[in-house]
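Breakdown of the fold
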Amino acid sequence: MRSLTWRITGLMFLSILLTVLLLVYLAEYQMMVHFTNYVAGQQTEGQSSEHMMKAMGGGQAMAAMMGLPEQVFLESIHRSLYWVGGALLLAGLLASYLFAQTITVRLRQLNTAVDAIGSGTYGQQILVESEDEVGRLAKAFNRMSRSLEENIQLRKRLLADIAHDLRTPLAIIQGNLEGMIDGVVEKNNDQLRSLHEETVYLNRLIKDLRDLSLAEAGQLILEKTSTDISAVIARAIQLLKPLADEKGIHLVMNLKPVPLLFVDASRINQVLNNLLVNALRYTASTGTITVTCNVVDRKNQSWVELTVADTGIGICEADLPYIFEHFYRSDKSRDKKSGGSGIGLAIVKQLIETHGGMVEAVSCPGEGTIFRLFLPLNNN
Ligand code: ADP
């Protein structure tokens, strides 16, 4: 039996069949005993019919004791019992089948939805009518189907974004080189410098994408060593100081002593660099960028908290939940000319999570943004 419906029907029907057979047998037995007693009472005195039946053999004793009307009466009782038993079995079979159907109808719908997803129609949802095991399975399926559809959409958008971000600089390089070959564009140092900038951008974007995809696939190999986080922060700040000075932005450090952390120093430096470059980009001159480092307790655990706070333009509440997504830019009209690759924060999040940490951002438009990174303290 390959169908669950028939298996459930069969099992239920078997138990109904056994019950009905037992009932019919008991009813017949009881009826025979009482009826024989009654007949014996009419015909003999002081001797039990059971005793007589045993002495003479059941069938013969009965036949000997009963007249024609009694036999007709017994026949009709037998027939009625068989009819009632048969009717009960039929009703039982029908009820078993209907019951099995109510259980398997959702499973069949689930099967159809899974087949549809298998053939590429994503986002299938099925009706959840009960809170039982099948209802819970349907809910879990709906959740899985929704997140699968979201992931597919995200992947499509990501591919489109990558293609767009690669295509634009390539088109610029190609157009300029063709112009130079045809003699339409002048071959001077400025032109070459601008083309070089495009290739640097392309190179960085491809490297970032590679890091991001490796980190997301859990395949990024971290070269962890015991690291003095304060030294990593100081170095990152020192490297960006000239850029900050040029923009007239104050870079402030407020570092509390923290224990050595077992991390990949170059990846933590990459994280800090992404956050600091963003802070410099979105903060006007005379603004301040403050980097802090501290030990905090959270979720029953000790963490080293690094913060990068700026007094820049801030991020509006509607954009804040999405800034760690790939290619999310709060200013949709902005491209790489006015900003970065659009995956800087996605990389920050992935790298910190690969270290077992967490990231958070709080912001107030017009006042500034704080990025908080938490790295587990006992991570060796
Ligand atoms: P991008 O390379 O475009 O800056 P990111 O992933 O680094 O991409 O940042 C995503 C978006 O988050 C940015 O486009 C910007 O809108 C916003 N953002 C990031 N850092 C800041 C900041 N310090 N202040 C204001 N907005 C920020």
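Above: the structure in question.
Residues numbered from 1 in each chain as written. Predicted model: local features only at pLDDT ≥ 70, side-chain atom pairs only at ≥ 80, totals over all residues. Heavy atoms only, no water.

Before going further, it helps to examine a nonpolar patch on the surface. Residues Leu22, Tyr25, Leu26 and Tyr29 make up a contiguous nonpolar surface patch of about 440 Å² in total accessible area. With respect to the element layout, tyrosine 29 can be found in helix H1 (residues 4-43). You can call tyrosine 29 partly exposed: its relative accessible area is 42%. (Patch = residues over 30% accessible without salt bridge, like charges linked within 9 Å, V, L, I, M, F, W, Y side chains within 5 Å. Areas by Shrake-Rupley, 256 points an atom, 1.4 Å probe, with all protein chains shown as cover. Salt bridge = Lys/Arg side-chain N within 4 Å of Asp/Glu carboxyl O. Helix = DSSP H or I, 4+ residues; strand = E, 2+ residues; numbered from the N terminus. Buried < 20%, exposed > 50% of the residue type's maximum accessible area, 1.4 Å probe, protein only.)

Moving on: the packing of aromatic side chains. Applying the stated criterion across every chain yields a total of five aromatic pairs. Aromatic pair tyrosine 25 and tyrosine 29: ring centres 6.4 Å apart, planes at 20°, arrangement stacked. Here tyrosine 25 and its partner tyrosine 29 are both found in helix H1, four residues apart, which amounts to about one turn of the helix. Where phenylalanine 35 meets phenylalanine 73, the ring centres are 5.3 Å apart and the plane angle is 35°; that geometry is what we call tilted. Here phenylalanine 35, found in helix H1, pairs with phenylalanine 73, found in helix H4 (residues 68-118); they are 38 residues apart in sequence, far enough to count as distant. Overall, the relative accessible area of 11% leaves phenylalanine 35 in the buried class. (Phe/Tyr/Trp six-rings, centres within 6.5 Å; stacked < 30°, edge-to-face > 60°.)

This paragraph deals with the packing of H4 against helix H5 (residues 133-182). As a packed pair, H4 and H5 sit with axes 10 Å apart at the nearest point and diverge in direction by 15°. On the basis of their axis angle, the class for H4 and H5 is roughly parallel. The crossing of H4 and H5 is left-handed. For the pair H4 and H5, the contacting residues are Ile103, Arg106, Leu107, Leu110, Ala113, Val114 and Ile117 in the first and Val134, Leu137, Ala138, Phe141, Ser145 and Leu148 in the second. (Axes fitted to C-alpha atoms, helices over the stretch in contact; angles between N-to-C directions. Parallel < 35°, antiparallel > 145°, perpendicular 65-115°, else oblique. Left-handed = near helix turned anticlockwise from the far one by under 90°. Contact = heavy atoms within 4.5 Å.)

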